[in-house]
Amino acid sequence: MRMAIEPLVARIQQYNPHCDIGFLRRAYDFACEAHKDQKRISGEDFIVHPLEVARILAELELDLQSVVGGLLHDTMEDAGIDLQVIRNEFGDEVALLVDGVTKLRRLSYRSKEEQQAENLRKMFLAMAKDVRVILIKLADRLHNLRTLQYHSVAKQREIAQETLEIFAPLAHRLGIYRIKWELEDIAFRHREPEKYYELVQRLCSSRSAREEYIRGVIDLLRDKLAAMGIVADIQGRPKHLYSIYQKMVAQQKDLSEIFDILGIRVLVDSVKDCYATLGVVHTLWKPVPGRFKDFIAMPKSNMYQSLHTSVIGPEGEILEIQIRTWDMHRTAEYGIAAHWRYKSGAREDPAYDEKLAWLRQILEWQHELRDAREFMETLKIDLFTDTVYVFTPMGDVMELPAGAVPLDFAYRIHTDLGHRCIGARVNGKLVPLNYQLATGDIVDIIKGKHPSPSRDWLNLVKTSQAKTKIRQWFKREQREENVSRGREALEREARKQGLELELVRGEKLLELGKRYTLHTIEDIYAAVALGVVAASALVAKLKKQEREARQEEAVPEPLVEQQRWSKSPRGIRVLGIDNLLVRLAHCCNPVPGDRIVGYITRGRGVSVHREDCRNIKLWREREQERLVKVAWDRRFDASFQIRMEITGMDRAGLLRDVMNVLSEMKISASWVTARGKKSKMATIDLTIEIRNLEQLNYLQQKLKKVRDVYEVRRVV
């Protein structure tokens with residue numbers, strides 16, 4: 001197998017002759033050892049796959065760490081290698097890349113869509129740190145597609161659909177057209193084989209005539225350019241099958257009605273030659289109105305630059321011509337990989353982060369979208385849409401998805417401008433807020449004095465960024481209203497129970513709120529307004545604390561000493577017994593706030609149980625003398641494990657919603673299991689870390705508010 005890596009070594013040395021080939025060979029040997037007993041579904045050795053992924057990355061001329069990441073990308077998921085082992089062997093950089101492409105497997109998801117959404121979330125977060133994560137993932141997907149024939153037909157179509165919805169648009173966004181076209185055509189072949197092969201057959205029948213036609217056009221154009229002193233490489237550009245099919249579907253036309261399947265690409269040495277070539281083309285053939293695009297003056301967000309024009313060529317055929325420099329062509333083929341800033345000797349490009357602005361937008365709103373279906377749909381919209389280029393009044397270019405409205409433009413400029421938007425002028429004329437912007441429009445936003453978003457805007461805007469900002473506005477507005485209502489309810493209850501108002505506004509209330517994982521006064525007020533915590537209960541506890549504090553001040557010191565309590569590192573005090581081991585019983589898992597009793601065991605100290613524990617009831621009848629008084633130490637602050645059982649309707653996303661509640665309250669779960677029943681009921685068992693009874697009660701109230709949860713109970 002050692003010889004299998006030699007073509008990869010040779011390819012890397014072509015573009016990076018000074019790289020550490022020993023590092024590459026060590027990674028290959030590591031991958032071979034990790035996958036030595038594994039086979040692919042095709043029957044070939046598993047190592048073939050990571051090796052091919054590494055070759056694809058080398059074809060993109062990526063740095064050595066990326067290629068090594070490709071060799072090792074399946075060692076965690078399929079070979080069970082720990083991330084720390086990879087970090088120790090190959091460094092933090094490679095470990096980050098491998099971890100970024102490793103799928104999530106810690107929790108069992110209710111639906112394929114939910115799992116896909118979580119995998120993509122992790123990939124995007126890793127991609128924010130290092131965009132090479134997605135380059136490895138694209139190479140992984142491309143090789144899997146090349147061997148897709150070994151899967152069942154259903155699996156082929158599922159993977160093909162996901163590729164067309166997510167990974168091909170990602171390749172497009174990153175400008176890696178070399179990978180994008182192949183992903184699309186292979187996925188098209190497996191998703192709709194009948195239409196694919198029908199299209200292939202029809203194109204093949206006219207192939208020789210098309211090739212002869214293209215040769216004649218190239219010869220004519222080459223002669224004209226040579227006469228102008230322009231050195232050019234002219235190539236026939238076959239239109240990819242999936243793009244032809246998309247055009248047929250979008251325009252509802254037959255192949256015979258699609259006239260621009262013929263294409264020519266002209267590569268020249270300079271930008272000046274690009275525009276000179278355009279002039280020659282338009283002199284030779286009549287341009288089609290509205291079909292000229294200048295992506296040199298206004299590059300796409302993925303760095304793509306080129307001149308595009310459609311002309312009526314010889315014999316009346318519509319001909320698509322692309323004109324670009326050699327550097328532009330390299331960027332068009334390799335996209336973000338062509339400008340890779342990690343390559344040895346390369347300086348950081350200040351504009352690099354701007355090229356990935358769309359990724360930052362995805363990361364902004366992905367935190368807001370917890371529903372897997374909504375996340376996936378919004379992601380597809382954000383990746384798939386074509387773009388329009390509009391101008392600010394100052395002449396700056398703004399890229400927006402096709403179908404965007406002035407509100408999208410306003411929110412792209414600034415959140416406050418979006419909130420205050422009351423109208424817009426496009427090209428000097430007033431337009432409604434649902435006006436769809438077109439390339440070349442000059443947009444001027446009319447803003448009001450005060451922010452006034454409308455919920456109807458969510459149905460107007462196209463960009464996920466605008467939707468997120470509008471949702472955040474209403475969420476914040478609703479919170480402010482809840483805070484005000486909660487404060488009024490607490491003050492009203494304080495007057496009713498005869499408590500000073502200062503106590504429901506200050507530190508005493510904040511200390512009490514922390515028991516419920518409410519860390520600010522505003523959080524407490526909002527929880528009261530939402531009914532999660534009862535105002536009467538909070539005021540009663542504050543009143544009790546005040547009463548106890550006054551009693552402690554009034555009791556003489558000698559009286560306190562009459563009952564001697566021991567101290568325990570477990571937060572338990574035992575009456576009259578010192579230097580005795582104290583442990584919490586696992587049969588009932590008591591937490592601070594529970595009424596507790598101690599039981600003197602034989603040789604294992606005092607075990608502490610809840611008063612309602614079945615064992616305590618038994619011992620009261622048989623061994624009353626072994627029971628002792630115990631109490632919680634109020635100054636003790638630690639967490640305790642308890643078990644909970646949640647019953648609800650068996651639906652997609654139930655486990656995720658439960659885990660979100662735990663995450664919001666910063667409660668960790670050491671054990672989680674979920675199971676469904678034939679009755680369409682689901683049971684979720686949790687072992688969680690709780691500080692006290694108040695926090696547990698608050699958690700139970702929040703969990704009961706989760707949609708489709710029927711019962712939340714503590715397991716004894």
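Conventions we followed
- Residues numbered from 1 in each chain as written.
- Predicted model: local features only at pLDDT ≥ 70, side-chain atom pairs only at ≥ 80, totals over all residues.
- Heavy atoms only, no water.
- Helix = DSSP H or I, 4+ residues; strand = E, 2+ residues; numbered from the N terminus.
- Buried < 20%, exposed > 50% of the residue type's maximum accessible area, 1.4 Å probe, protein only.
- Contact = heavy atoms within 4.5 Å.
- Areas by Shrake-Rupley, 256 points an atom, 1.4 Å probe, with all protein chains shown as cover.
- Pairing = 2+ DSSP bridges.
- Axes fitted to C-alpha atoms, helices over the stretch in contact; angles between N-to-C directions.
- Core = buried A, V, L, I, M, F, W, Y, C linked by side-chain atoms within 4.5 Å.
- Phe/Tyr/Trp six-rings, centres within 6.5 Å; stacked < 30°, edge-to-face > 60°.
- Salt bridge = Lys/Arg side-chain N within 4 Å of Asp/Glu carboxyl O.
- pLDDT = per-residue confidence, 0-100.
- Parallel < 35°, antiparallel > 145°, perpendicular 65-115°, else oblique.
- Left-handed = near helix turned anticlockwise from the far one by under 90°.
- Nonpolar A, V, L, I, M, F, W, Y, C, P; charged D, E, K, R; others polar.
- Expected span 1.5 Å × (residues − 1).
- Polar contact = N/O pair within 3.5 Å; in protein donor to acceptor, adjacent residues only side chain to side chain.

## Looking at the overall build of the protein
Thought 1: When you go through the protein residue by residue, the secondary structure sums to 29 helices and 21 strands.
Thought 2: Counting every position in the protein, which comprises 716 residues, the buried fraction comes to 50%.
Thought 3: Taking the contacts inside the protein whose residues are at least 6 apart along the sequence as the reference set, 66% of them involve residues at least 24 apart.
Thought 4: For the protein, the exposed area adds up to about 36100 Å²; of that, 49% sits on carbon and sulfur atoms.

## With respect to the sheet that holds strand β9 (residues 421–426)
Thought 1: If you walk across this open sheet you meet the three strands as β10-β9-β11, and the pairing is antiparallel. Edge positions in the sheet fall to β10 (429–431) and β11 (443–447), since each has one partner strand and no second. Sheet twist, expressed as the mean angle between neighbouring strand axes with direction ignored, is 35 degrees.
Thought 2: Here five bridges tie β9 to β11, and the two strands are oriented antiparallel to one another. Bridging from a neighbouring strand, Arg-425 pairs with Asp-444 of β11.
Thought 3: Sheet strands in contact with helix α19 (residues 406–413) are β9, β10 and β11, and its direction is about 80 degrees off that of β11.

## A word on the nonpolar core
Thought 1: In this structure, Leu-490, Leu-538, Ile-688 and Leu-699 are the most contacted members of the largest nonpolar core, which totals 59 residues.
Thought 2: Not counting residues within four places of it along the chain, the set of residues in contact with Leu-490 comprises Val-504, Leu-509, Ile-524, Tyr-525, Val-528, Ala-535, Leu-538 and Val-539.
Thought 3: Core analysis: the second largest hydrophobic core is formed by 58 residues, Leu-8, Leu-64, Met-76 and Ile-86 among them.

## Section: the packing of aromatic side chains
Thought 1: Under the defined criterion, the tally for this structure stands at eleven aromatic pairs.
Thought 2: When the ring of Tyr-242 is compared with that of Tyr-245, the centres are 6.4 Å apart and the planes differ by 35 degrees; the resulting orientation is tilted. Here the residue Tyr-242 and the residue Tyr-245 both occupy positions in helix α13 (residues 241–251), the gap between them amounting to three residues, near one helical turn.
Thought 3: A relative accessible area of 13% places Tyr-245 in the buried class.
Thought 4: On the numbers, 3.7 Å between centres and 10 degrees between planes, the contact of Tyr-599 with Trp-619 is stacked. In this pair, Tyr-599 is assigned in strand β14 (residues 596–600) and Trp-619 in helix α27 (residues 614–622), connecting sequence segments 20 residues apart.

## Let's talk about the sheet that holds strand β21 (residues 709–715)
Strand pairing in a sheet is mediated by backbone hydrogen bonds. Such pairs are either parallel or antiparallel.
Thought 1: Taken together, four strands build an open sheet; the order of strands is β19-β20-β18-β21 and the sheet is antiparallel. Each of the sheet's edge strands pairs with one partner strand only, and the pair in question is β19 (669–676) and β21. Each adjacent strand pair in this sheet contributes to an overall mean axis angle of 15 degrees, direction not counted.
Thought 2: Here strand β18 (residues 640–649) runs beside strand β20 (residues 681–690); their pairing, made up of ten bridges, is antiparallel. For Gly-648, the partnering residue across the bridge sits in β20 and is Ala-682.
Thought 3: Taken strand by strand, helix α28 (residues 654–664) contacts β18, β19, β20 and β21, and its axis lies near 20 degrees from that of β20.

## Some words on the pattern of salt bridges
Thought 1: Scanning the entire structure with this criterion turns up 32 salt bridges.
Thought 2: A salt bridge links Arg-714 to Asp-594, with the nearest nitrogen and oxygen atoms 2.7 Å apart. Within this pair, whereas Arg-714 is found in strand β21, its partner Asp-594 is found in the loop between β13 (582–584) and β14, the two being separated by 120 residues in sequence. In this structure, Arg-714 and Asp-594 share a single accessibility class: buried.
Thought 3: With a closest N to O distance of 3.3 Å, Arg-595 and Glu-611 form a salt bridge.

## With respect to unusual backbone geometry
Thought 1: The backbone phi angle of Glu-315 is positive, close to 65 degrees, even though this residue is not glycine.
Thought 2: A relative accessible area of 75% means that Glu-315 is categorised as exposed.
Thought 3: In this structure, Asn-427 takes a positive phi of about 55 degrees despite not being glycine.
Thought 4: With respect to the helices and strands, the residue Asn-427 is situated in the loop between β9 and β10.

## Comments concerning the pairing of strand β7 (residues 387–391)
Thought 1: Bridge count for β7 against strand β8 (residues 397–401) is five bridges, and the pairing is antiparallel. The residue bridging Phe-391 from the neighbouring strand is Val-397, located in β8.
Thought 2: Linking two consecutive strands that pair antiparallel, namely β7 and β8, is a turn of five residues; a positive phi of about 95 degrees is found at Gly-395 within it.

## Describing helix α15 (residues 326–334)
Thought 1: Those residues of α15 lying buried are Met-328, His-329, Thr-331, Ala-332, Glu-333 and Tyr-334.
Thought 2: On its buried face, α15 sits against α3 (48–59), α10 (177–191), β2 (263–268), α14 (271–284) and β6 (318–325).

## Describing the confidence of the model for the protein
Low pLDDT means the predicted atomic positions in that stretch should not be read closely.
Thought 1: Residues at a pLDDT of 70 or more form 82% of the protein, whose mean pLDDT is 80.
Thought 2: Scored below 50 in pLDDT, residues 553–563 makes two contacts in the model with residues more than four places away or belonging to other chains.

## Structural notes on the packing of helix α2 (residues 21–34) against helix α6 (residues 83–101)
Thought 1: In the contact formed by α2 and α6, the axes pass within 12 Å of each other and the chain directions differ by 130 degrees. Compared by their axis directions, α2 and α6 come out oblique. Helix-helix and strand crossings are classified by hand; for α2 and α6 the assignment is left-handed. Of the residues in α6, those in contact with Phe-23, Arg-26, Ala-27 and Phe-30 of α2 are Val-85, Glu-89, Phe-90 and Val-94.
Thought 2: Here the residues of the contact of α2 with α6 are counted per class, giving six nonpolar, no polar and two charged.

## Points about helix α22 (residues 464–497)
Residues three or four positions apart in an α-helix share a direction because the helix packs 3.6 residues into each turn.
Thought 1: With 34 residues, α22 extends 49 Å between its outermost C-alpha atoms, agreeing within 8% with the 50 Å of an ideal straight helix rising 1.5 Å per residue.
Thought 2: Just downstream of α22, Gly-498 is the residue with a positive phi angle, here 70 degrees.

## Looking at the side chain of Thr-163
Thought 1: Inspection of the secondary structure assignment puts Thr-163 in helix α9 (residues 153–173).
Thought 2: A polar contact of 2.9 Å, which involves the side chain of Thr-163, links it to the side chain of Arg-141.
Thought 3: In this view, Thr-163 contacts Arg-141, Leu-145, Ala-168, Pro-169, Leu-183 and Ala-187; residues no more than four positions away in its chain are not counted.

## Quick word on the environment of Val-281
Thought 1: Tracing the sequence through the fold places Val-281 in helix α14.
Thought 2: When the C-alpha atoms of Val-281 and Ile-323 are compared, they prove to be 10.0 Å apart, with 42 residues separating the residues in sequence.
Thought 3: With sequence-adjacent residues up to four places away left out, Val-281 is seen in contact with Leu-221, Thr-309, Val-311, Ile-321 and Ile-323.

## With respect to the packing of helix α23 (residues 507–514) against helix α24 (residues 521–529)
Thought 1: α24 packs onto α23 with a crossing angle of 70 degrees between their chain directions and a minimal axis gap of 9 Å. Taken together, the axes of α23 and α24 lie roughly perpendicular to each other. Between α23 and α24 lies a crossing of left-handed hand. Of α24, the residues touching α23 (which contributes Leu-509, Leu-510 and Gly-513) are Ile-521, Ile-524 and Tyr-525.
Thought 2: When grouped by side-chain class, the residues that make up the contact of α23 with α24 number five nonpolar, one polar and no charged.

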